[in-house]
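Okay, here's what each chain looks like letter by letter:
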Amino acid sequence: MSPSLKGILWMCAGVFCLSVGDAIAKWLGEVHSPVQIIFFRTLVSLPLIALIAHFYGGLRKLSTRRPGVHLVRGLFATGTMLCFVFGLTLLPLAETTAIAFAAPLFVTLLSVPLLGEKVGRLPLAAALVGFLGVLVVVRPGGAGFQPGALVVVGAALFYALLMITARRYGVREYLWAMVFYVTLVPLGVTGILLPWVWQVPAPLHWLGFLGAGIFGIGAMACITLAFRHAPAALAAPFDYTGMLWAVLLGWWLWAEVPDAWVFAGSALIIGSGLAIAFHERRTSLKRRPSS
C-alpha cells in the first residue's frame, strides 16, 4: 500500500471518529450542558494525549516557551467546542457539519490580514462561493432560518483562528505541546463553569462521556498519522467525508433528513474547499525545487 493511500485511509478513519464523537455529543446534549460535555471529553482526552507524547519523545515534548500563545489558542478551542456542541443541540447533525465546513474558508480570508499572506484569485473566488453556500444552508431571513446556525458559524470562526495561530506558531512548538494545551485550557474553563450547570449523569451517559473522549483522541491520532503519510493537500479534502457520516448518523439516530437547501449549500461549501485544496497543491508543486 502506498504512503499516500495510507494517509487517505487514516484521514477517513479520523473523520469517522470525529463524526461519531459529534453524534455522541449531540445525544448527550439532550440532557447535559455543552459545558459538562466538553469538561468530560477533555478530561478523558488529556491523559491520553500526555501518554502519546510520552511515547513520542517524552513529556519534555509538552514544554513551551510561549504559554501566552497556548492560552489564547486554548480559549479559541474553548469557543469552538462550546459553540459547536451547543449548535448540535439546536440543529440537525448534517446541517451543523455543513456550516462547520466554512472554517477553511475563514482561514483563507483571515490569512491575509492576520498572517500577511497573499491569496490568489482562485482561492478568493472559491472562498466567496463557499460563503454563498453557507448562506444557502443558513438561509438568513428565510422561513427555514434557525438562530442556532449562527452559533455554528461562530464555531467555524473560532476554529479558523485556532488554525491560523497553528500556522504562525506551530513550526516553533512541539506538536503534542500544542495539542496538550489546546485541550488543557478548555478543561480548565469548563471546570470553573461546571458547578453552575452540573447534572448527575445516568449510567449510560457516563459511557457516552468516555466514548466522546476516546473518539476525540482517536480522531486526533488518525489525522496526525494521515498527514505523516500523505501531503496535506492530498489528505485534507477527505475531511469532507464527514458530511456523508453526518447524514447517515443523523438519519439513523434521529431520523433527520436534510432538505434540498442543505445539500445544495453543502455542495457549494465542499466544492469551494476542494478548489482551494487543489490550488494549494498545485502551488506547492510549482514551488518545489526540481531534482
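Residues numbered from 1 in each chain as written. Predicted model: local features only at pLDDT ≥ 70, side-chain atom pairs only at ≥ 80, totals over all residues. Heavy atoms only, no water.

This part is about the UniProt feature "domain: EamA" (unreviewed entry) in the chain. Summarizing the sequence annotation, UniProt attributes the feature "domain: EamA" (unreviewed entry) to residues 6-138 and 147-272 in the numbering used throughout. Helix makes up 81% of residues 6-138 and strand 0%. Its end C-alpha atoms lie 36 Å apart. (UniProt positions renumbered as here; feature names shortened; annotations may be inferred. Helix = DSSP H or I, 4+ residues; strand = E, 2+ residues; numbered from the N terminus.)

For the rest of this paragraph, the subject is the pattern of salt bridges. Applying the stated criterion across every chain, the model contains one salt bridge. The residue Glu 256 makes a salt bridge to Lys 26 at a minimum N-O spacing of 3.6 Å. Of this pair, Glu 256 sits in the loop between α11 (241-254) and α12 (260-287) while Lys 26 sits in helix α1 (residues 3-28); the two residues are 230 residues apart in sequence, bridging distant segments of the chain. A residue is classified by how much of its surface remains accessible, and Glu 256, at 16% relative accessible area, is buried. (Salt bridge = Lys/Arg side-chain N within 4 Å of Asp/Glu carboxyl O. Buried < 20%, exposed > 50% of the residue type's maximum accessible area, 1.4 Å probe, protein only.)

The next subject is the packing of helix α2 (residues 34-55) against helix α3 (residues 67-90). Contact geometry for α2 and α3: axes closest at 9 Å, N-to-C directions at 125 degrees. By the angle between their directions, the pair α2 and α3 is classed as oblique. Helix-helix and strand crossings are classified by hand; for α2 and α3 the assignment is right-handed. Across the interface between the two elements, Pro 34, Val 35, Ile 37, Ile 38 and Thr 42 from α2 touch Met 81, Leu 82, Val 85 and Phe 86 from α3. Residues belonging to the contact of α2 with α3 are distributed by class as follows: eight nonpolar, one polar and no charged. (Axes fitted to C-alpha atoms, helices over the stretch in contact; angles between N-to-C directions. Parallel < 35°, antiparallel > 145°, perpendicular 65-115°, else oblique. Left-handed = near helix turned anticlockwise from the far one by under 90°. Contact = heavy atoms within 4.5 Å. Nonpolar A, V, L, I, M, F, W, Y, C, P; charged D, E, K, R; others polar.)

A surface patch of nonpolar side chains, about 810 Å² in accessible area, is lined by Leu 48, Leu 51, Phe 55, Tyr 56, Leu 204, Leu 207, Leu 210 and Ile 214. Those elements that place two or more of their residues in the nonpolar patch are α2 and α9 (203-229). Ranked by the residues each element gives to the nonpolar patch, the list is headed by α9, at four residues. Here Leu 210 is to be found in helix α9. (Patch = residues over 30% accessible without salt bridge, like charges linked within 9 Å, V, L, I, M, F, W, Y side chains within 5 Å. Areas by Shrake-Rupley, 256 points an atom, 1.4 Å probe, with all protein chains shown as cover.)

Core analysis: the biggest nonpolar cluster contains 59 residues, and Ile 99, Phe 180 and Met 243 have the highest contact counts within it. Sorting elements by how many residues they give to this core places α2 first, with eight residues. Ignoring anything within four residues of it in the chain, the contact list for Met 243 reads Ala 94, Thr 97, Ala 98, Phe 101, Val 262, Ser 266 and Ile 270. In terms of nonpolar packing, the next biggest core, distinct from the first, is built from six residues, Val 15, Ile 223, Ala 226 and Ala 230 among them. (Core = buried A, V, L, I, M, F, W, Y, C linked by side-chain atoms within 4.5 Å.)

Another aspect to go through is the packing of aromatic side chains. Taken as a whole and judged by the stated rule, the model has nine aromatic pairs. Between Phe 16 and Trp 245 the ring centres are 4.8 Å apart and the planes differ by 70 degrees, which places this aromatic pair in the edge-to-face class. Remark: Trp 245 occurs in helix α11 and Phe 16 occurs in helix α1; sequence separation between them is 229 residues. With a centroid separation of 6.0 Å and an interplanar angle of 50 degrees, the aromatic rings of Phe 40 and Trp 198 are classed as tilted. Of the two residues, Phe 40 sits in helix α2 while Trp 198 sits in the loop between α8 (175-193) and α9, which places them 158 residues apart along the sequence. Put simply, the rings of Phe 39, Phe 40, Trp 198, Trp 206 and Phe 209 touch in pairs and so form one group of aromatic residues. The ring of Trp 254 carries the charged tip of Lys 26 above its face, separated from the ring centre by 5.4 Å. (Phe/Tyr/Trp six-rings, centres within 6.5 Å; stacked < 30°, edge-to-face > 60°. Lys NZ or Arg CZ within 6 Å of the ring centre and 35° of its normal.)

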